[in-house]
Amino acid sequence: MRKLINDPANFVDEMLQGLYAAHPEKLKYVNDDLRCVVSAKTKKGKVGLATGGGSGHLPLFLGYVGEGMLDGCSVGGVFQSPSANQMLEVTKAIDSGAGVLYIYGNYGGDVMNFDMAAEMADLEGIRVEQVVAGEDVASAPKGKEDKRRGVAGIFYVYKIAGAYADEMASLDEVKRVAEKVCANVRTMGVALSPCTIPEVGKPSFVIKEGEMEIGMGIHGEPGIRKSELKPADSVVDEMLQPILEDLPFEKGDEVSVLINGLGATPREELYVLYRRVNQILKEKNIKIFHPYIGEFATSMEMAGASITLLRLDDELKRLLAKPANTPFFVQEQLEVR
Amino acid sequence: MRKLINDPANFVDEMLQGLYAAHPEKLKYVNDDLRCVVSAKTKKGKVGLATGGGSGHLPLFLGYVGEGMLDGCSVGGVFQSPSANQMLEVTKAIDSGAGVLYIYGNYGGDVMNFDMAAEMADLEGIRVEQVVAGEDVASAPKGKEDKRRGVAGIFYVYKIAGAYADEMASLDEVKRVAEKVCANVRTMGVALSPCTIPEVGKPSFVIKEGEMEIGMGIHGEPGIRKSELKPADSVVDEMLQPILEDLPFEKGDEVSVLINGLGATPREELYVLYRRVNQILKEKNIKIFHPYIGEFATSMEMAGASITLLRLDDELKRLLAKPANTPFFVQEQLEVR
Amino acid sequence: MNTLRAKEIKQIFNALADLMSEKKEWLIELDGIMGDGDLGLTMSTGFIKASEGLKDFEEQDVGKLFAKAGMIFAQSVPSTMGTLMATGLMKGGKAIQGKQEVYLSDMAQMLNEFVEGIMARGKAKPGDKTIIDSLYPAVQALKSAAEEQKSLKEGLTLAYQAAVQGVEETKNMISKHGRAAYYQEKSLGKQDPGATVGMLFIKAFTDYVAV
Amino acid sequence: MNTLRAKEIKQIFNALADLMSEKKEWLIELDGIMGDGDLGLTMSTGFIKASEGLKDFEEQDVGKLFAKAGMIFAQSVPSTMGTLMATGLMKGGKAIQGKQEVYLSDMAQMLNEFVEGIMARGKAKPGDKTIIDSLYPAVQALKSAAEEQKSLKEGLTLAYQAAVQGVEETKNMISKHGRAAYYQEKSLGKQDPGATVGMLFIKAFTDYVAV
Ligand SMILES: Nc1ncnc2c1ncn2[C@@H]1O[C@H](COP(=O)(O)OP(=O)(O)O)[C@@H](O)[C@H]1O
Ligand SMILES: Nc1ncnc2c1ncn2[C@@H]1O[C@H](COP(=O)(O)OP(=O)(O)O)[C@@H](O)[C@H]1O
Ligand SMILES: [Mg+2]
Ligand SMILES: [Mg+2]
Ligand SMILES: [Mg+2]
Ligand SMILES: [Mg+2]
């Protein structure tokens, strides 16, 4: 393990202690539980947006709590769901009467706990709706979209639903837009190295130096193809084709592109990937509105990347362009042309 | 090598092609040379700020070209200085009559080339001043500050000098403030793994799993102590003490803290480090104004981190708080209390 | 012994804590093959906390004891199995709320709601290679035994045999839920860890009554 | 041969390109010990580009030829040694600008300015374990030889001997500049790669004249 940590058992809580110390004006916790993160800034009457999930994926999930994005996040252990109780506490803290929308990734443990939290919230008289993001085309074939894992594309759901909620849209309206994002976003990943859960202390799967696994998930879920590591351009070709075919993305479409580093892959390489994505989309007459290139959903120190495409319409584009200000993501108003 | 690249010889230029494709409204190049980066936004009559250095350190150096920070950057090969000619071309492009300030790190090749570029600019009638950042306390003892390497702390010089230039301060004034930052900033790093220059194809130095090297530079320059990897809190203690003693930082001081990941170290771990830094500074009655936690100066896929402290006065604090908007760094106006 | 009261239920939860601790490494191993290997930890922790939580809980209503154990699971082990166990215990408890003494027919009703709750929560059905594949046959056995007026001991023994058989049959199934589902055909031939937990759950009741 | 003209200078640059290519691996190895190992690449590339650039450069002014070679270095190899070589060639060339034919005394003047330029650029001095430690003694030898009215061949031979000796002496020095400086005492006992380049630079002139 090459990790700067103390006792692995305290890893998540110490990370959170650092987080609250660093961003007191942005984040706080409720119910005396470090793992129930809520935004320090509240807006009366706004629909509350909550997410949650395991640790080890920063900026996911808590990193997007803040102005123009989410209101709260429950935090699990490394790669573990938070509890329904923690979700409920966050829900209670962020509801200001307009109801709460849960937005989270499609993983069994998370789904069940959010379902349970929604039932508990219902008993407390809080209206809760749910949107489950699942856009990893490697994780299930077309036709079985409901089985797909949620990965980096959830960033777009947060960003767009967050901007809409910020405009004081109703719970039903925010849910509609969040579902529209889910319906129009597709991702594919590639892993070049494994990662290590601190409490386990050794990698839970193996990728040898000089090899890659296309389609691997951010917890090391098996991908669709293992092979020797190819040049970046052909890796992009292999990743982009199934994305394009799936929706499908077509000539004349306008998209936003997200090139996401999984942890150990330098930004330089992400730009090399983007270069090729840009070439291909140009050839196909697909217009790129605003690319995001960096780390948006990681897997600790895993080497690798994912490519996400979001098909835009005027509504999604307008909302994507709005400003946001969270500890891990700051955007000024983008020019919309 | 676990890298998403094509031919290693094209690595830097392909990265740059991706960069210009991604940020056409923010960055462009001059003299038909991809390696001469300038901001797409210009402000008439403003002092031009230029930097430059080797590739492999994103967001350094070019990532800070943009509103409220730098105007141009010349880009070298991986860990190699750009040429004096490239620096000159950038200088010519960003001078709008008020002169140009070079801000760069203290590395032999860079210093000589910037010196040469300054002489060439002088022949072209452009007034150039230079500020060389060197704040790595591990790289030379007190008294030999002029031998110290520049590392992540240069971010503060860019940010503060950039904000001041943006207020249309004169070249002498911007230089004064940049030098004030240099005089008040100190850094110490720790490395947990080596990194690989693409064209070399194998690590140019060795750090075994379970070991660390305190004080190692971002090109693998030897540090001050090799040992087994210790718990994060004691690593912070070992790093912070020489920083605090050097300036020295004292009770009653106000500082900004930068926790910088070298490439492969997850954000979670950086927050674990910050937690300890915050504890120690609190004990010492040193106030933290606004911490920055993330990747600001990397060494490709090196695992490790650096800690930087900047002692603030009212002027530095005011300028640090001003907004900035570059492809790699966005900040909204911070509240100054 | 033909009925179970609060005191006995608490002792069974103690036995469950011991049993899951004893089988910890085995469950870790089973879950490690196509999952994250936490099952031994979550189940031993969950049942230890539940048995501790029930110890000082002055409640004679057996239904409320099960529900309480479920709440403890929900708070302490939010893994898939922890959450399903929480749901099952809460729903099962609710079904027999108000009873201070439960008969075989109550046990059948409790466990029926337990499994129904798990199916509603996890959207899985028999044959999907989950905990349901040991519990569902056990429920059917309990129900028949109750109809046939068998003793508690006989009924639970039949339920346990059905559960053991159910675990065995998961070897012929393909995982449709949770982490193991990503492995598809590769899950054939392997016994489902969650079904194993279901079988152990029944075993603790059976063993208790058998003594 | 007691003077050098444009044609000869161009041939010497061809010889330098060959010599640096031949010594490439050796320079890489020397620079690899306490540097980044690029010296063999930068010097062979720099001198190949310089010799190519001079080939079609219709210029009789020897000073301008040196300056041109320096410009090529500045553009093509911005490493430490590339930049120092660029500076030296430009400054040395400027010192003898206007001359179509250079004598030993001109060579001494050229190389003196060459070294002075390098010292101004890199802020190093003799004894700091750099290229200066082979070039500076060579300049002194050239100057004395010129004063003593020695032949070009004799003068260059003495300069080369001084340079070889200078390289040898760098083994007793501690690096004060560039990447090697981070190694401090550990640099003792090792020959400086930059000084080696300086020695090779003189060698090409000496060998050419000696034929
Ligand atoms: N949707 C589901 N419904 C019922 N049981 C499930 C479901 N998904 C998974 N399981 C059961 O959960 C077991 C794994 O539990 P656990 O280790 O807690 O999961 P995880 O660690 O992935 O959260 C599986 O062996 C299976 O029996
Ligand atoms: N400031 C300096 N002045 C003169 N020579 C120097 C200086 N710094 C380094 N050198 C010389 O440069 C040589 C290394 O050159 P080079 O490999 O090009 O450096 P780098 O690859 O670090 O840019 C050293 O052996 C030394 O002789
Ligand atoms: Mg598990
Ligand atoms: Mg688990
Ligand atoms: Mg070198
Ligand atoms: Mg070099």
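Small disclaimer: the values here were computed from a predicted structure and weren't measured. (Residues numbered from 1 in each chain as written. Chains lettered and ligands numbered in written order. Predicted model: local features only at pLDDT ≥ 70, side-chain atom pairs only at ≥ 80, totals over all residues. Heavy atoms only, no water.)

1. Concerning the overall build of chain A
Next up, step 1: Looking only at helices and strands, chain A has eight helices and 15 strands in total.
Next up, step 2: What you see for chain A is a C-alpha radius of gyration of 19 Å, in line with the 20 Å of a compact globule of 337 residues.
Next up, step 3: Structurally, chain A occupies a C-alpha span of about 50 × 50 × 35 Å along its principal axes.
Next up, step 4: Counting all 337 residues of chain A, 69% fall into the buried class.
Next up, step 5: Long-range contacts, defined as pairs at least 24 residues apart, comprise 71% of the intrachain contacts of chain A with a sequence gap of at least 6.
Next up, step 6: Positive and negative side-chain charges of chain A, numbering 38 and 49 respectively, have mean locations separated by a distance of 4 Å. (Helix = DSSP H or I, 4+ residues; strand = E, 2+ residues; numbered from the N terminus. Rg over C-alpha atoms; globule rule 2.2 N^0.38 Å. Buried < 20%, exposed > 50% of the residue type's maximum accessible area, 1.4 Å probe, protein only. Contact = heavy atoms within 4.5 Å. Lys, Arg positive; Asp, Glu negative; His and termini not counted. Charge placed at Lys NZ, Arg CZ, Asp CG, Glu CD.)

2. What to know about the coordination of the magnesium ion (ligand 5)
All names here are of chain D.
Next up, step 1: Around the magnesium ion (ligand 5), the protein contributes the donor atoms Asp-31 (OD), Asp-36 (OD) and Asp-38 (OD), at 2.1 to 2.2 Å from the metal centre.
Next up, step 2: Separation of the magnesium ion (ligand 5) from the magnesium ion (ligand 6) amounts to 3.5 Å, with Asp-36 serving as a shared donor to the pair.
Next up, step 3: For Asp-31, a relative accessible area of 11% translates into the label buried. (Donors = N, O, S within 2.8 Å, 3.2 Å for Na, K, Ca; no water.)

3. Observations concerning the coordination of the magnesium ion (ligand 3)
Residues and elements named next belong to chain C.
Next up, step 1: Around the magnesium ion (ligand 3), the protein contributes the donor atoms Asp-31 (OD), Asp-36 (OD) and Asp-38 (OD), which lie 2.1 to 2.2 Å from the metal centre.
Next up, step 2: When the donors of the magnesium ion (ligand 3) are listed by position in the chain, the intervening gaps give D-x4-D-x1-D.
Next up, step 3: Metal-to-metal, the separation of the magnesium ion (ligand 3) and the magnesium ion (ligand 4) is 3.4 Å; Asp-36 coordinates the two.
Next up, step 4: Relative accessible area serves as the criterion here: at 28%, Asp-36 is assigned to the partly exposed category.
Next up, step 5: Look at Asp-38 and you get buried, because its relative accessible area is 12%.

4. Here's the deal with helix H7 (residues 267-283) of chain B
Residues and elements named next belong to chain B.
Next up, step 1: With 17 residues, H7 should reach 24 Å at 1.5 Å per residue; the first-to-last C-alpha distance of 24 Å fits that figure.
Next up, step 2: Of all 17 residues in H7, 14 are buried, a share of seventy percent or more.
Next up, step 3: Just downstream of H7, Asn-285 is the residue with a positive phi angle, here 60°. (Expected span 1.5 Å × (residues − 1).)

5. Some words on the sheet that holds strand E5 (residues 100-105) of chain B
All names here are of chain B.
Next up, step 1: Read from one edge of the open sheet, six strands run E1-E2-E4-E3-E5-E6, paired in mixed fashion. Each having just a single partner strand, strand E1 (27-29) and strand E6 (128-133) make up the two edges of the open sheet. On average, each strand axis in the sheet is inclined to that of its neighbour by 25°, with strand direction left out of account.
Next up, step 2: Here E5 pairs with E6 via six bridges, running parallel. Within E6, the position partnered with Val-100 by the bridge is Val-128.
Next up, step 3: Against the sheet, helix H5 (residues 171-184) touches strand E3 (48-55), E5 and E6, its axis set at about 10° to E6. (Pairing = 2+ DSSP bridges. Axes fitted to C-alpha atoms, helices over the stretch in contact; angles between N-to-C directions.)

6. What about the site of ligand 1?
Next up, step 1: Not every one of the 20 residues close to ligand 1 is listed here, only the nearest: Asp-36, Thr-80, Met-81, Arg-179 and Asp-192 of chain C.
Next up, step 2: Per-site note: the chains with residues close to ligand 1 are chains A and C.
Next up, step 3: One nitrogen or oxygen atom from the side chain of Asp-36 of chain C is found 2.8 Å from an oxygen atom belonging to ligand 1.
Next up, step 4: The contact in question runs from a nitrogen atom of ligand 1 to an N or O atom on the backbone of Gly-122 of chain C, over 2.9 Å.
Next up, step 5: Contact with the protein chains removes 93% of the 580 Å² of surface that ligand 1 exposes when unbound.
Next up, step 6: Those elements that place two or more of their residues in the shell around ligand 1 are helix H5 (80-95) and helix H9 (193-210) of chain C.
Next up, step 7: Broken down by class, the residue content of the shell around ligand 1 amounts to eight nonpolar, seven polar and five charged. (Near = heavy atom within 4 Å. Polar contact = N/O pair within 3.5 Å; in protein donor to acceptor, adjacent residues only side chain to side chain. Areas by Shrake-Rupley, 256 points an atom, 1.4 Å probe, with all protein chains shown as cover. Nonpolar A, V, L, I, M, F, W, Y, C, P; charged D, E, K, R; others polar.)

7. Topic: the side chain of Lys-180 of chain B
All names here are of chain B.
Next up, step 1: Relative to the helices and strands, Lys-180 resides in helix H5.
Next up, step 2: A polar atom in the side chain of Lys-180 sits 2.6 Å from the side chain of Asp-313.
Next up, step 3: Not counting residues up to four positions away in its chain, the partners in contact with Lys-180 are Asp-313, Glu-315 and Leu-316.

8. Quick look at the nonpolar core
Next up, step 1: If you look at the biggest cluster of nonpolar residues, it comprises 224 residues, and the most contacted ones within it are Leu-16, Leu-62 and Leu-309 of chain A together with Leu-16, Leu-62, Leu-281 and Leu-309 of chain B.
Next up, step 2: Leaving out residues up to four positions away in the same chain, Leu-16 of chain A has contacts with Leu-34, Arg-35, Val-37, Leu-62 and Val-75 of chain A. (Core = buried A, V, L, I, M, F, W, Y, C linked by side-chain atoms within 4.5 Å.)

9. Let's talk about the arrangement of the chains
Next up, step 1: For the three pairs of chains in contact, the maximum contact count is reached by chains A and B.
Next up, step 2: Chain A shows no contact with chain D. Their nearest C-alpha atoms sit 21 Å apart.
Next up, step 3: For the non-touching pair chain C and chain D, the nearest C-alpha separation works out to 43 Å.

10. Here we look at the interface of chain B and chain A
Many descriptions give the size of an interface as the accessible area lost when the pieces come together.
Next up, step 1: On the chain A side, the residues contacting the 58 residues of chain B number 58 residues.
Next up, step 2: Taken over both partners, the interface formed by chain B and chain A buries close to 5100 Å², and the fraction arising from carbon and sulfur atoms is 58%.
Next up, step 3: The tally of links from chain B across to chain A stands at two salt bridges.
Next up, step 4: For Arg-275 of chain A, the salt bridge goes to Glu-14 of chain B, with nearest N and O atoms at 3.8 Å.
Next up, step 5: Taken together, the connections running from chain B to chain A amount to 26 residue pairs in polar contact (both at pLDDT 80 or more).
Next up, step 6: Every element with two or more residues in the side of chain B that touches chain A is listed here: helix H1 (11-22), helix H6 (232-246), H7, strand E13 (304-311), strand E14 (324-325) and strand E15 (330-331) of chain B.
Next up, step 7: Here the element with the most residues in the side of chain B that touches chain A is H7 of chain B; it accounts for nine residues.
Next up, step 8: Residues of the side of chain B that touches chain A, tallied by class, amount to 30 nonpolar, 14 polar and 14 charged. (Buried area = accessible area lost by both parts, 1.4 Å probe. Salt bridge = Lys/Arg side-chain N within 4 Å of Asp/Glu carboxyl O.)

11. Digging into the confidence of the model for chain C
Any segment with low pLDDT has predicted coordinates that should not be analysed in fine detail.
Next up, step 1: Confidence in the prediction for chain C averages 96 pLDDT; 100% of positions are at 70 or higher.
Next up, step 2: At the level of chain-chain contacts, confidence expressed as ipTM amounts to 0.93, with global pTM at 0.95. (pLDDT = per-residue confidence, 0-100.)

12. Structural notes on the interface of chain B and chain D
Next up, step 1: Across the boundary between the two partners, chain B contributes 21 residues, which contact 21 residues of chain D.
Next up, step 2: Taken together, chain B and chain D are joined by two salt bridges.
Next up, step 3: Linking chain B with chain D are eight residue pairs in polar contact (both at pLDDT 80 or more).
Next up, step 4: Contributions of two or more residues to the side of chain B that touches chain D are made by helix H2 (84-94) and helix H3 (108-123) of chain B.

13. Things to note about the site of ligand 2
Next up, step 1: Neighbouring ligand 2 are 20 residues; Asp-36, Thr-80, Met-81, Arg-179 and Asp-192 of chain D lie closest to it.
Next up, step 2: Bordering ligand 2 are residues originating from chains B and D.
Next up, step 3: Note that an oxygen atom of ligand 2 is positioned 2.9 Å from one of the backbone N or O atoms of Met-81 of chain D.
Next up, step 4: Within the complex, 94% of the 570 Å² of free accessible area of ligand 2 lies under protein.

14. Comments concerning the sheet that holds strand E1 (residues 27-29) of chain A
Residue and element names in this part refer to chain A.
Next up, step 1: As summarised here, the arrangement of the six strands in space is E1-E2-E4-E3-E5-E6, forming an open sheet in which the pairing is mixed. Each edge of the open sheet is held by one strand with a lone partner, namely E1 and strand E6 (128-133). For this sheet the average axis-to-axis angle between neighbouring strands, irrespective of direction, equals 25°.
Next up, step 2: Note that E1 and strand E2 (residues 36-39) share three bridges and pair antiparallel. Bridge assignment links Tyr-29 to a residue of E2, and that residue is Val-37.
Next up, step 3: Where helix H3 (residues 108-123) meets the sheet, its contacts fall on strand E3 (48-55), strand E4 (72-78), strand E5 (100-105) and E6, and the angle it forms with E5 comes to roughly 170°.

15. Quick look at the pattern of salt bridges
All names here are of chain A.
Next up, step 1: Applying the stated rule across the entire model yields 76 salt bridges over all chains.
Next up, step 2: The residue Asp-71 makes a salt bridge to Lys-46 at a minimum N-O spacing of 2.8 Å. With Asp-71 in the loop between E3 and E4 and Lys-46 in the loop between E2 and E3, the pair connects residues that are 25 residues apart, well separated along the chain. Across the pair, exposure class does not vary: Asp-71 and Lys-46 are buried alike.
Next up, step 3: Glu-238 is the salt-bridge partner of Lys-230, the closest N and O atoms lying 2.7 Å from each other.

16. A look at H1 of chain B
Next up, step 1: For H1 of chain B, with twelve residues, the first-to-last C-alpha span of 16 Å sits near the 16 Å given by 1.5 Å per residue.
Next up, step 2: In terms of residue burial, H1 of chain B counts as a mostly covered element, since nine of its twelve residues are buried.
Next up, step 3: Listed in full, the buried residues belonging to H1 of chain B are Phe-11, Val-12, Glu-14, Met-15, Leu-16, Gly-18, Leu-19, Tyr-20 and Ala-22 of chain B.
Next up, step 4: Buried residues in H1 of chain B make contact with helix H7 (267-283) and strand E12 (292-294) of chain A together with E1, strand E2 (36-39), E3 and strand E4 (72-78) of chain B.

17. Quick word on the domain arrangement of chain A
Residue and element names in this part refer to chain A.
Next up, step 1: Taken domain by domain, chain A holds domain 1 (8-183) and domain 2 (185-329).
Next up, step 2: Taking the mean C-alpha position of each, domain 1 and domain 2 sit 22 Å from one another.
Next up, step 3: Between domain 1 and domain 2, the contact holds 46 residues from the first and 48 residues from the second.
Next up, step 4: The three residues of domain 1 that bury the most area against domain 2 are Phe-79, Val-137 and Tyr-156, which together make up 15% of that side's buried surface.
Next up, step 5: Our count for the domain 1 to domain 2 interface comes out at six salt bridges.
Next up, step 6: For Lys-322, the salt bridge is made with Glu-167, and the minimal N-O distance between the two is 3.0 Å.
Next up, step 7: The tally of links from domain 1 across to domain 2 stands at 25 residue pairs in polar contact (both at pLDDT 80 or more).
Next up, step 8: The residue makeup of the side of domain 1 that touches domain 2, split by class, is 28 nonpolar, seven polar and eleven charged. (Domains from an automatic or database assignment.)

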